[in-house]
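Below, each chain spelled out in residue letters.
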Amino acid sequence: MSLAAGDGADASPQENVAAVKPLAGVRVLELARILAGPWAGQLLADLGAEVIKVERPEVGDDTRGWGPPFVKAQDGGTLGAAYFHACNRGKRSVAIDFETAEGQALVRQLAAESDVVLENFKVGGLKKYGLDYEGLKAVNPHLVYCSITGFGQDGPYAPRAGYDFMIQAMGGIMDLTGDPAGEPQKIGVALTDVFTGVYSVVGILAALRRRDLTGEGGHVDMALMDVQVAVLANQAMNYLVSGRSPKRMGNAHPNIVPYQVFPAADGHLVVAVGNDGQFARFCAVLGRPDLAKNPAYVTNADRVASRAELVPLIAGLTAGFARDTLLASLEAVGVPAGPINSVGEVFADRQVMHRGIRLDLPEDHAAGGTVPSVASPIVLDGVRMAAATASPRLGADTGAVLAALAKTQSE
């Protein structure tokens, strides 16, 4: 059974991933750690690629130790931090020390048999090992090589290390996030890293498609700073068109009113009115249909101009309703609104459960025999794109991968 967009709630993870994946037959050599690179590698694995993750012997990816919490092992120990398992599903782990000549030779041999190399070292960090783009291109001219750095392969900041938090600050998103009366805020997850991982996959797939047409590989140059500026989206355009830098507005929207958090008698909810018809229906539910006919509020542009007087008026009305009662009334008339869920409430939500976003992947060494995971949001022809195996134990596949490599080299 496949996981259809509308009727796959009862499908098991194994059934969901049974179909042929679009990247079946593509081999990815991952020389990446932490989040942005591994996120890209995990998405490629979800789409069917074989992803071989090269890790330092004994230590592995830094995030294996970034806990608690840790995934519990059957023997009473752990299988590494939850953070590591968030971005390494479906991969094979090979422990190789490529600071040694022997390790470098092994990586080159693996690259010769791969379609993609994914790395997130500082600019020039792999050149001294001969594992940079030019070095591996000489081994495999058809290779698609993706480098993820803080600031890209060139420019005045290229030599700097880049971390999500500082890039959120430098890239403008923190100045747009938080209470206008408080300090700038980072987003609650490393969203720049995650976006960079997703954009990296887009770049890799584009380069693979070009290789289909020309036979040539290429170098995908991904920078966290580039990505963060790119995803400023409408706020970037607001500045470029007006010449004025937008500022923090808390939960309000710079271009739409009413589109923010409102109080209820027993909590808060989000109302996201996107057009004038929705505003009229919202006002009717609040018992004030006259507001939608007021010349000061008729169009969205009017409402943005009148934000200071309109929003407190609406807040006073919503505060008289129980949250769930108001949400039900708004849903009945097609006004977008929703509760503000905790992460726990998200995974208990009936829509999230129906769509099968949580996966419990088999792992014999885990307590209970499975490791929880969050599936890719991609559904292709009714099948949820998610790798069928949990994140690998450090070096679990070293013997098998190197034995297969040796056999290939001897043929």
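In short, a report on the structure. Just so it is clear, the model here is predicted, and its values are computed rather than measured.

**Digging into the overall build of the chain**
Tallying secondary structure elements over the chain gives 16 helices and 15 strands in all. In the form shown here, the chain has an accessible surface area of approximately 19900 Å², with 56% of it arising from carbon and sulfur atoms. Here the chain contributes 35 positively and 44 negatively charged side chains, and the mean placements of these two sets differ by 3 Å.

**Quick notes on the layout of surface pockets**
Here the largest pocket is characterised by a volume of approximately 940 Å³. Looking at the largest pocket, it is lined by 31 residues, and the ones nearest its centre are Trp39, Ala86, Phe347, Ser373 and Val374. Secondary structure elements with two or more residues in the lining of the largest pocket: α2 (36-46), β3 (70-72), α3 (82-85), α7 (191-214), α14 (343-348) and β13 (370-374). When the residues that make up the lining of the largest pocket are grouped by side-chain class, the tally is 24 nonpolar, four polar and three charged.

**Here we look at the side chain of Gln235**
By the secondary structure assignment, Gln235 is in helix α9 (residues 233-242). Those residues in contact with Gln235 that sit more than four places away from it in its chain are Leu176, Pro246 and Pro254.

**Overview of unusual backbone geometry**
Residue Gly67 is joined to Pro68 through a cis peptide bond whose omega torsion reads 10 degrees. Within the secondary structure, Pro68 is located in the loop between β2 (50-55) and β3. Of note, the amide linkage connecting Val257 to Pro258 takes the cis form, showing an omega dihedral of -5 degrees. Tracing the backbone through its elements, the reader meets Pro258 in the loop between α9 and β9 (259-264). Of note in the backbone geometry, Ile34 takes a positive phi value of approximately 70 degrees without being a glycine.

**Looking at the pattern of salt bridges**
Scanning all chains against the criterion turns up 16 salt bridges. Across the pair Arg27 and Glu50 runs a salt bridge, and its minimum N-O distance is 3.1 Å. Of this pair, Arg27 sits in strand β1 (residues 27-31) while Glu50 is found in strand β2, placing the two residues 23 residues apart along the sequence. Here Arg303 makes a salt bridge to Asp276, at a shortest N to O gap of 2.9 Å. Residue Arg303 is located in helix α11 (residues 300-305), and its partner Asp276 is located in helix α10 (residues 276-285); the two are separated by 27 residues in the primary sequence. A residue is classified by how much of its surface remains accessible, and Arg303, at 1% relative accessible area, is buried. Given the relative accessible area of 36%, Asp276 is considered partly exposed.

**Examining α2**
The buried fraction of α2 is high, at 10 of 11 residues. Among all positions of α2, only Ala36, Gly37, Pro38, Ala40, Gly41, Gln42, Leu43, Leu44, Ala45 and Asp46 are buried. Buried residues belonging to α2 abut β1, β2, α3, β6 (116-119), β7 (144-149) and α7. Gly48 occupies a position one or two residues after α2 and carries a positive phi of about 110 degrees.

**Section: the nonpolar core**
The tendency in soluble globular proteins is for nonpolar side chains to be buried as a group. Residues Val28, Leu44 and Ile204 are the most contacted members of the largest nonpolar core, which totals 29 residues. Of all the elements in the fold, those that place two or more residues in this core are α2, β6, β7, α7, β8 (218-223) and α8 (224-230). Those residues in contact with Val28 that sit more than four places away from it in its chain are Leu44, Ala49, Glu50, Val51, Ile52, Val116 and Leu118. If you look at the next biggest cluster of nonpolar residues, it comprises 22 residues, including Ile96, Ala111, Leu126 and Tyr133.

**Concerning the sheet that holds β8**
If you trace the six strands from one edge of the open sheet to the other, you get β5-β2-β1-β6-β7-β8, paired in parallel fashion. What marks the edges here is a single partner per strand, and that holds for β5 (92-95) and β8. Within this sheet the neighbouring strands show an average axis-to-axis angle of 20 degrees, counted without direction. With four bridges joining them, β6 and β7 adopt parallel strand pairing. In the sheet register, Glu119 faces β7, and the bridge partner there is Ser147. Helix α4 (residues 101-112) contacts β1, β2 and β6 of the sheet and is inclined by roughly 150 degrees relative to β1.

Conventions used here
- Residues numbered from 1 in each chain as written.
- Predicted model: local features only at pLDDT ≥ 70, side-chain atom pairs only at ≥ 80, totals over all residues.
- Heavy atoms only, no water.
- Helix = DSSP H or I, 4+ residues; strand = E, 2+ residues; numbered from the N terminus.
- Areas by Shrake-Rupley, 256 points an atom, 1.4 Å probe, with all protein chains shown as cover.
- Lys, Arg positive; Asp, Glu negative; His and termini not counted.
- Charge placed at Lys NZ, Arg CZ, Asp CG, Glu CD.
- 1 Å grid on protein atoms, 1.4 Å probe; cavity = no way out; pocket = protein on both sides within 12 Å on 5 of 7 lines; lining within 4 Å.
- Points joined across faces, edges and corners; volume = space filled by probe spheres on them.
- Nonpolar A, V, L, I, M, F, W, Y, C, P; charged D, E, K, R; others polar.
- Contact = heavy atoms within 4.5 Å.
- Salt bridge = Lys/Arg side-chain N within 4 Å of Asp/Glu carboxyl O.
- Buried < 20%, exposed > 50% of the residue type's maximum accessible area, 1.4 Å probe, protein only.
- Core = buried A, V, L, I, M, F, W, Y, C linked by side-chain atoms within 4.5 Å.
- Pairing = 2+ DSSP bridges.
- Axes fitted to C-alpha atoms, helices over the stretch in contact; angles between N-to-C directions.

Everything listed here is a matter of coordinates, which is why it stays silent on function.
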